[in-house]
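# Tertiary structure, described
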2 protein chains.
Amino acid sequence: MKSVYEILRAKRDGKELSREEIAFLVAGVVSGEVPDYQAAAFLMAAVIRGLSTPEMAALTEAMRDSGDSWDLSDLAPVVDKHSTGGVGDKATLVLAPLVAAAGGRVGMMSGRGLGHTGGTLDKLAAIPGFRTDLDLPRVRRALTEVGAALFAQTDTVAPADRKLYALRDVTGTVESLGLIVASILSKKLASGTTGIVFDVKTGNGAFLKTVPESRALGRALVDTSRAAGREASGWITDMSRPLGRAVGNALEAEESILVLRNEGPPAVRELCLVLGADMLRFAEPALSEPDARRRLEEAFTSGKAAERFAKLVEFQGGDPRVVEDPSILPQPKSRIPAAAPRSGFVRSIQTEKMGFLSIDIGCGRRKREDDIDFAAGFLVEKTVGDRVEKGEPLAILCLGERPAPRPSFERELADLFEIGDEPAAPPALAIEKL
Amino acid sequence: MKSVYEILRAKRDGKELSREEIAFLVAGVVSGEVPDYQAAAFLMAAVIRGLSTPEMAALTEAMRDSGDSWDLSDLAPVVDKHSTGGVGDKATLVLAPLVAAAGGRVGMMSGRGLGHTGGTLDKLAAIPGFRTDLDLPRVRRALTEVGAALFAQTDTVAPADRKLYALRDVTGTVESLGLIVASILSKKLASGTTGIVFDVKTGNGAFLKTVPESRALGRALVDTSRAAGREASGWITDMSRPLGRAVGNALEAEESILVLRNEGPPAVRELCLVLGADMLRFAEPALSEPDARRRLEEAFTSGKAAERFAKLVEFQGGDPRVVEDPSILPQPKSRIPAAAPRSGFVRSIQTEKMGFLSIDIGCGRRKREDDIDFAAGFLVEKTVGDRVEKGEPLAILCLGERPAPRPSFERELADLFEIGDEPAAPPALAIEKL
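The structure displayed is predicted, hence computed values, not measured ones.

Reading guide: rules and limits
- Residues numbered from 1 in each chain as written.
- Chains lettered and ligands numbered in written order.
- Predicted model: local features only at pLDDT ≥ 70, side-chain atom pairs only at ≥ 80, totals over all residues.
- Heavy atoms only, no water.
- Helix = DSSP H or I, 4+ residues; strand = E, 2+ residues; numbered from the N terminus.
- Buried < 20%, exposed > 50% of the residue type's maximum accessible area, 1.4 Å probe, protein only.
- Contact = heavy atoms within 4.5 Å.
- Salt bridge = Lys/Arg side-chain N within 4 Å of Asp/Glu carboxyl O.
- Axes fitted to C-alpha atoms, helices over the stretch in contact; angles between N-to-C directions.
- Parallel < 35°, antiparallel > 145°, perpendicular 65-115°, else oblique.
- Left-handed = near helix turned anticlockwise from the far one by under 90°.
- Nonpolar A, V, L, I, M, F, W, Y, C, P; charged D, E, K, R; others polar.
- Pairing = 2+ DSSP bridges.
- Domains from an automatic or database assignment.
- Buried area = accessible area lost by both parts, 1.4 Å probe.
- Polar contact = N/O pair within 3.5 Å; in protein donor to acceptor, adjacent residues only side chain to side chain.

So, on to the side chain of Lys201 of chain A. Residue and element names in this part refer to chain A. If you trace the backbone, Lys201 turns up in strand E4 (residues 195-202). In this structure Lys201 comes out as buried when scored by relative accessible area, which is 1%. Residues in contact with Lys201, not counting those within four places in the same chain, are Ser83, Thr84, Gly85, Gly86, Asp89, Ala206, Leu208, Ser214, Thr237, Met239, Leu243 and Leu271.

Put into structure tokens, the structure is as follows:
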């Protein structure tokens, strides 16, 4: 077995590390026997040289095994979805009750917002009383009784990831396919789910702006999950515009409920049908794609999906009346239209920038300890391809407890919309199945 | 100006760093503002991506400027020689008085042994009373009164190199042309010499075993020195066999004196003429190569070189009688022949291994705090190309205070000589001028 020194030299020279070498390194990072400077040297070598699929799988598993790992095998199949993050992406809130209502068992470990993107945990926290700090017995009961559980990653999950991520953040080693994959999957796999659908967002509102980059990440996520013995599939989906109409925690919770009640924006519904069909087919392998889709549509139209959401909310401590009366969610104190400065067609929306503006009004945190203003957000009234008349609202700025951070903030919001004379074709939602 | 984070990302992506960025990084490493893990990430990126000549020059100067730098410009030209290290390489002891006797001014900052190679400071310390801990005023006086000074690198020279070297040693980032060049030159340039001849050893007793590797290092050393405003030249010389007959500190000091007295082995004399001619021509640019060589030969034959060594020894606190009577050097307690197991021709010598064996009997240190046994060493009786009869000594094992570390140690020594039936052509000493 190589020493840490020899492992560093091997990776430096572009050699492939063995499963044992990677496990030894990660264990040393967690125990402190491998000091930060050796870990940093490894990370830099890994970024420049890249990681092979076996190396990614080994790193993923070593990081997962650095902390608690849940065993849900007696409840299998338990399915999950992971999104790489976008603006207005509330699919998790819809998918968990939807797939459960259609017969699947859904366990989803979620995180807080990152960068310009919102976090599922914050959207759920907008529902009065809703708790995501479930322990394993509680998750098992939710899976059995409700068929779905939405829970937060605990501090005892993948401590190696936390340690390595903090180092990556200060050593210029964040942008690495292999390290990103291992970071995502070490936490995902710790939750014990048996099938995962990856939603790789692409476009100006995603972390990866182009299809080739997204394809590479998606393929690596799928391949590495499979190498770790899970079922996996992936979709590249559009994030060149916000998903649906609502951006902001309570607004997105409300929109999720509307979608579940079959009253929401078609884009959110369609994305949930695409991703949900894969999830359902992991739960029932015999099901064809059209049959899976039909089953999900039925859950929407029959009211079973909405009903299941009420059950899920109740089980997790929230007020289930929210499904019938979303007005019990935190409500904006003011709604200010962001008017179109001219007539024409919406040709593009600066989506990432919209995410950052949403953080400015309290939808997300700049620092870990910041508070969220749950009522704050935007309602996107016009999207790419739409016709707009001068003075019509492109979006509505919804303020909660906090005032707008800058004067004429609604103008900043309106300026994110590029308006031209020619109609623009709206991009496809599901761009590519991996 | 980029932040450390941005500098790390730039180097990671193979971009060239500016002089200011490198200076900022090195200053941060020394002050502690750049923590070890960021320094380690930089080193790994530098090893994998390589350093350009301007980057090497910038790193060299930033490391030099991290500590004391001597100004000898009023005494210029002051010339120096640097060897990349070998077995039996005592050229510094000969060159300093030789070139001084021929009219040059020689200031040489030397180090201790490294790996399997001996260190000049230890060879000098074998001379009773000799001190190398000279401060700047003392070095200036030596240069003026003797024309030569041999002194140790102090702790205040290039602290950035010490800090980075310690990190390289534990992060698998030692083997980097750029970092090696900067490490060597940061110390060399701090001593204030104005012209440097590089002796890049190549072969099985050198750190670099092949001519192409040695050529790359030599070129980088010469180019980077010139970029830093010094005169520089370089030679690739043979280290596929020990240089001369003596290996070990007092034995090498004695052999140096014999060479200075025109009685030593031709190989040592020839190497000193080759390197010395370049040194002398830095001191006197008008001098042709043959004239420089003639001047040095004259210094040998006239006795002036030996005389100058006596002066140098006396000035540095040593007993100058050593030049006439080398027996005042520490003497071996026993001399054990390492006999040839068969008759034939010496075809090769495992030179690096001989270096390590010499450390086993006390010629060098395994750890920093180890003591040296000055009397210990080997006398190489047969070299590559020589005819030997079975039972004749290939070498003589000289033991000082310590016993041989293993039984039949002289057999291990004899086993380093490959003996074959066909004569082998001895390799050229000066392989290539850079």
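Past the structure itself, the notes keep going.
This part takes up the pattern of salt bridges. If you walk through the whole model with that rule in mind, you get 68 salt bridges over all chains. For Arg140 of chain B, the salt bridge identified is with Asp74 of chain B, shortest N-O distance 2.3 Å. Residue Arg140 of chain B is found in helix H7 (residues 136-145), and its partner Asp74 of chain B is found in the loop between helix H4 (53-64) and strand E1 (79-83); the two are separated by 66 residues along the sequence. Here Asp74 of chain B falls in the exposed class, since its relative accessible area comes to 51%. Here Glu297 of chain B ties to Arg293 of chain B by a salt bridge, and the two come within 3.7 Å at their closest N and O atoms. One end of the pair is Glu297 of chain B and the other is Arg293 of chain B, both in helix H13 (residues 289-301) and 4 residues apart, which spans about a single turn. For Glu297 of chain B, a relative accessible area of 28% gives the class partly exposed. Via salt bridges that share partners, Arg9, Arg12 and Asp13 of chain A together with Glu175 of chain B belong to a single interconnected network.

Attention shifts here to the packing of helix H8 (residues 159-171) of chain A against helix H9 (residues 177-190) of chain A. Residue and element names in this part refer to chain A. Between H8 and H9, the least distance of the axes is 10 Å, while the angle of their chain directions is 150°. With respect to their mutual orientation, H8 and H9 come out roughly antiparallel. As H8 runs across H9, the sense of the crossing is left-handed. In this structure, H8 contributes Asp161, Tyr165 and Arg168 to the contact, and H9 contributes Leu179, Ile180, Ser183, Ser186 and Lys187. Split into classes, the residues belonging to the contact of H8 with H9 amount to 3 nonpolar, 2 polar and 3 charged.

Before going further, it helps to spend a moment on the sheet that holds strand E6 (residues 246-247) of chain A. All names here are of chain A. Taken in spatial order, the 4 strands line up as E6-E9-E11-E7 in an open sheet, and their pairing is antiparallel. Strand pairing shows two members of the sheet lacking a second neighbour, E6 and strand E7 (334-339), which therefore form its edges. Note: strand E9 (residues 377-380) against strand E11 (residues 393-399), 4 bridges, orientation antiparallel. By the bridge assignment, Leu379 is partnered in E11 with Ile396.

The next subject is the domain arrangement of chain A. All names here are of chain A. Per the domain assignment, the segments of chain A are domain 1 (4-50), domain 2 (73-326) and domain 3 (331-420). Here domain 2 and domain 3 have C-alpha centroids that lie 25 Å from each other. Contact with domain 2, which involves 24 residues of that partner, is made by 25 residues of domain 3. Taken over both partners, the interface formed by domain 2 and domain 3 buries close to 1900 Å², and the fraction arising from carbon and sulfur atoms is 56%. Three residues, His116, Arg245 and Leu251, lead the burial of domain 2 against domain 3; their summed loss comes to 31% of the area buried on that side. Applying the counting criterion to the domain 2 and domain 3 interface returns 3 salt bridges. Ionic pairing is found between Lys209 and Glu352, a salt bridge with its closest N-O pair at 2.6 Å. Summed over the shared surface of domain 2 and domain 3, the result is 12 residue pairs in polar contact (both at pLDDT 80 or more).

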